[in-house]
Amino acid sequence: MSTSKFGLVLAVALLVSGGAALADPQGHEQGHEQGGERPGEGHGPAPAAHGGPAHGEAHPGPKGYQRVAEPHGWNDRPKAVDRTSYQHNFQAARSFKVGPYHRPHGWVAHHWGYGEILPRVYWGSQYILSDYWLFALEVPPAGYEWVRDDTDALLVNTDTGEILQVEYGAFG
């Protein structure tokens, strides 16, 4: 058998055996002390005879959706509302990419501002931002909710529909 064929057979044998011949029983590489692997070395597949990786490692993929934990105090809503501290139309400091927005049927785009009354259809459950902290929005006071209107986040009084604050461009 030629030397190049022998090298190829040896490389394939090592791949099939998982490289067990080069590893000690504790899983440390030969020639290394307890320190483990050298910087820059990974646990990837052994190189093929031609110098590149033989096959990619199996990727298990995500283990399912893991909800982000609520931050401490996320639902400690202020009982009293200092309206003057909220009454602003801000340009959002950051824009978040989320799913598509579907305006209520029969309604047209409107540039809302604080003090306006948002029709009830705009603050139905499908528009409420219950995970508002994920979008860098303040804790809403008691009786208020953040809702999405296209690219904007609106802080709305859930009794009257009055808009207390707007974050323009919160969603890109």
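Bear in mind that the values here come from a model prediction, so they are computed numbers and not experimental data.

Participant: So what about the nonpolar core? Which residues, and what values?
Facilitator: Burial of nonpolar side chains together is a common tendency in soluble globular proteins. Membership of the largest hydrophobic core comes to 15 residues, with the highest contact counts inside it found for L129, F135, L137, W146, A153, L155 and F171. Of all the secondary-structure elements, those providing two or more residues to this core are β2 (144-149) and β3 (152-157). With sequence-adjacent residues up to four places away left out, A153 is seen in contact with L129, L137, W146, V147, Q165, V166, E167, A170 and F171. Counting 12 residues, the second largest nonpolar core, distinct from the first, contains Y101, Y122, L154 and V156.

Participant: Residues and numbers for the confidence of the model for the protein, please.
Facilitator: The predicted model of the protein averages 72 in pLDDT, with 56% of residues at 70 or higher. Taken element by element, the predicted model of the protein shows its lowest mean pLDDT in helix α1 (residues 3-17) (48) and its highest in β3 (96). Here residues 6-48 is a poorly scored stretch, pLDDT under 50, and it has 27 contacts once near neighbours within four places are set aside; other chains count.

Participant: Run through the side chain of N157, naming residues and quoting values.
Facilitator: Relative to the helices and strands, N157 resides in strand β3. Engagement of the side chain of N157 in a polar contact is seen with the backbone nitrogen of T160, the distance being 3.1 Å. Discounting residues that sit within four places of it in the chain, N157 has contacts with W123, G143, Y144 and E162.

Participant: Now, about the environment of D82: what can you tell me, with residues and values included?
Facilitator: Note on placement: D82 falls in the loop between α1 and α2 (83-86). Taking relative accessible area as the criterion, D82 reaches 45% and is therefore assigned partly exposed. Along the chain, D82 and P141 lie 59 residues apart, while their C-alpha atoms are 9.3 Å from each other.

Participant: Summarise the sheet that holds β2; cite the residues concerned and give the values.
Facilitator: Within a beta sheet, neighbouring strands are joined by backbone hydrogen bonds and run either parallel or antiparallel to one another. What the 4 strands build is an open sheet, ordered β1-β4-β3-β2; its pairing is mixed. Unpaired on one side and paired on the other, β1 (88-91) and β2 mark the two borders of the sheet. The mean inter-strand angle of the sheet, taken between neighbouring strand axes irrespective of direction, is 20°.

The rules we used
Residues numbered from 1 in each chain as written. Predicted model: local features only at pLDDT ≥ 70, side-chain atom pairs only at ≥ 80, totals over all residues. Heavy atoms only, no water. Core = buried A, V, L, I, M, F, W, Y, C linked by side-chain atoms within 4.5 Å. Buried < 20%, exposed > 50% of the residue type's maximum accessible area, 1.4 Å probe, protein only. Helix = DSSP H or I, 4+ residues; strand = E, 2+ residues; numbered from the N terminus. Contact = heavy atoms within 4.5 Å. pLDDT = per-residue confidence, 0-100. Polar contact = N/O pair within 3.5 Å; in protein donor to acceptor, adjacent residues only side chain to side chain. Pairing = 2+ DSSP bridges. Axes fitted to C-alpha atoms, helices over the stretch in contact; angles between N-to-C directions.

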